[in-house]
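# Secondary and tertiary structure notes
Each chain, written out:
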Amino acid sequence: MEARRRGYRQQGAAPPGRGHPLSNLTHFMSQPAPEPALGAPPPPGLRQLPRRYLALGLIIVAIVLLGALVIVRDNAGPGTSSTVETFSPASSSLLSTLASVPASVFGTVGVSSPTIPVTPPHAVGGTTPLWQATVNGGPPLPVVFFYGAEFAPYSAVERWPLVLALSRFGTFHQLGLMQSSSTTAFADLSTFTFWNLSYTSRYVILESVERYSSLNPTGARYLSLETPDARQSATIAAYGTGAPAFPLLDVANRYALSGAGFSPAVLAGLTQDQIAGYLTTPAAPLTQAVVTAANEITAAICSVDGNTPDALCESKAVLAAEQALKAAPTH
């Protein structure tokens, strides 16, 4: 329809310019009428075409064309403009790469990231109830809650270790690709969005809110995308910074992290596929930061889900991460 709209404008929605075939018509009609021969009767109808009638006719034609253009535009429906959120799904090969990072990489890295400092989640809410939920009448499971914004570079960074950790407990069936804002510090970081997310697990429930889009059509503010419910809002109030800083990660009301675990600069200039490709190289600083943070999130989840699955939660890397968190299993 957009192509149709552009073609319509080229066919004469605007007044004809100099050199246009219609401009010649206007030029000839605006010339003085030739005088009749002396004593001859005036040619019939010649004096009935003064210039004001021609002008009136052109105005009517312009109004008709404008009305048709409005109808075409209104029937075009929403396009890919900067005011419409669109979803770009991650490929199955990318999801498979993230879900199949070798256990040897997690084990080799452990919680060692000497080049890029990593901040782990901290223990919270020791006396408050474990945050659990059910899905489709299933058993109560601990909730991992992520509160982010698509434009925010720190949200962009934190989704990587969170996706890596959650892929060890379940399956992402749908995950969107996203770039952080081009107008903030650490611009255009390759990441994911949890908007339109599909994830299943036997061990944990993922709840997420992408509060704002990456779209900022007026330059004044980012478009609102999702709104937290009452339970999620209570977590944001309890563990957030009090300012609209993103992200916030809450693991079942036992561990929380406000902000990202490491600097967004790690992702600068890389595509999603390039970042995922690094995750098989334990010596790479990017891999060490992402995998360390993923091991720590994994340890936090193990501590609230009864240390299952056993092979994962009893692995050397996760036990080391539990020590870093000073975590004890919650039953």
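Everything below is about the structure shown above.
Reading the values: the criteria
Residues numbered from 1 in each chain as written. Predicted model: local features only at pLDDT ≥ 70, side-chain atom pairs only at ≥ 80, totals over all residues. Heavy atoms only, no water. Disulfide = S-S within 2.5 Å. Helix = DSSP H or I, 4+ residues; strand = E, 2+ residues; numbered from the N terminus. Buried < 20%, exposed > 50% of the residue type's maximum accessible area, 1.4 Å probe, protein only. Axes fitted to C-alpha atoms, helices over the stretch in contact; angles between N-to-C directions. Parallel < 35°, antiparallel > 145°, perpendicular 65-115°, else oblique. Contact = heavy atoms within 4.5 Å. Nonpolar A, V, L, I, M, F, W, Y, C, P; charged D, E, K, R; others polar. Pairing = 2+ DSSP bridges. Expected span 1.5 Å × (residues − 1). Salt bridge = Lys/Arg side-chain N within 4 Å of Asp/Glu carboxyl O. Phe/Tyr/Trp six-rings, centres within 6.5 Å; stacked < 30°, edge-to-face > 60°. Lys NZ or Arg CZ within 6 Å of the ring centre and 35° of its normal.

## Considering the state of the cysteines
On inspection of all chains with the given rule, the structure shows one disulfide. Sulfur-sulfur distance for the disulfide between cysteine 302 and cysteine 313 comes to 2.0 Å. The chirality of the disulfide connecting cysteine 302 with cysteine 313 is left-handed, given an S-S dihedral of about -85°. Pair noted here: cysteine 302 is in helix α9 (residues 285-304) and cysteine 313 is in helix α10 (residues 310-313), with a separation of eleven residues, a long-range link. This pair shows no difference in class: cysteine 302 is buried, exactly as cysteine 313 is.

## Let's talk about the packing of α9 against helix α11 (residues 316-325)
At their nearest, the axes of α9 and α11 sit 8 Å apart, and the two run at 80° to each other. The pairing of α9 with α11 is recorded here as roughly perpendicular in orientation. Contact residues: α9 offers Asn295, Glu296, Thr298, Ala299, Ala300 and Cys302, while α11 offers Ala317, Val318, Ala321, Glu322, Ala324 and Leu325. Class assignment for the residues of the contact of α9 with α11 results in eight nonpolar, two polar and two charged.

## Concerning the pairing of strand β8 (residues 255-258)
In the sheet, strand β1 (residues 122-123) pairs with β8 via two bridges, with the strands oriented antiparallel. Paired with histidine 122 across the bridge in β8 is alanine 256. The pairing of strand β7 (residues 248-251) with β8 spans four bridges and is antiparallel. Of the residues in β8, the one forming a bridge with valine 251 is tyrosine 255.

## Let's talk about helix α6 (residues 153-166)
The α-helix winds at 3.6 residues per turn, so residues separated by three or four positions along the chain end up facing the same way. Over its 14 residues, α6 runs 20 Å from end to end, which matches the ideal 20 Å to within 8%, given 1.5 Å per residue. Burial analysis of α6 places 13 of its 14 residues in the buried class, the great majority of the element.

## Some points on the pattern of salt bridges
Counting across every chain of the model gives one salt bridge. Two residues, arginine 159 and glutamate 210, come together in a salt bridge whose shortest N-O distance is 3.0 Å. On the criterion of sequence distance, the pair formed by arginine 159 in helix α6 and glutamate 210 in strand β6 (residues 205-210) is long-range, its members being 51 residues apart. For glutamate 210, a relative accessible area of 0% puts it in the buried group.

## Here we look at the packing of aromatic side chains
Applying the stated rule across the entire model yields twelve aromatic pairs. With a centroid separation of 6.2 Å and an interplanar angle of 65°, the aromatic rings of phenylalanine 87 and tryptophan 195 are classed as edge-to-face. Placement of the pair is phenylalanine 87 in the loop between α3 (51-74) and α4 (92-99) and tryptophan 195 in strand β5 (residues 190-201), with a sequence separation of 108 residues. According to the relative accessible area criterion, phenylalanine 87 is partly exposed, its value standing at 25%. Taken together, Trp131, Phe145, Tyr147, Phe151, Tyr212, Tyr222 and Phe246 form an aromatic cluster joined through their ring pairs. Sitting over the ring of tryptophan 131, arginine 231 keeps its end group 4.0 Å from the ring centre.

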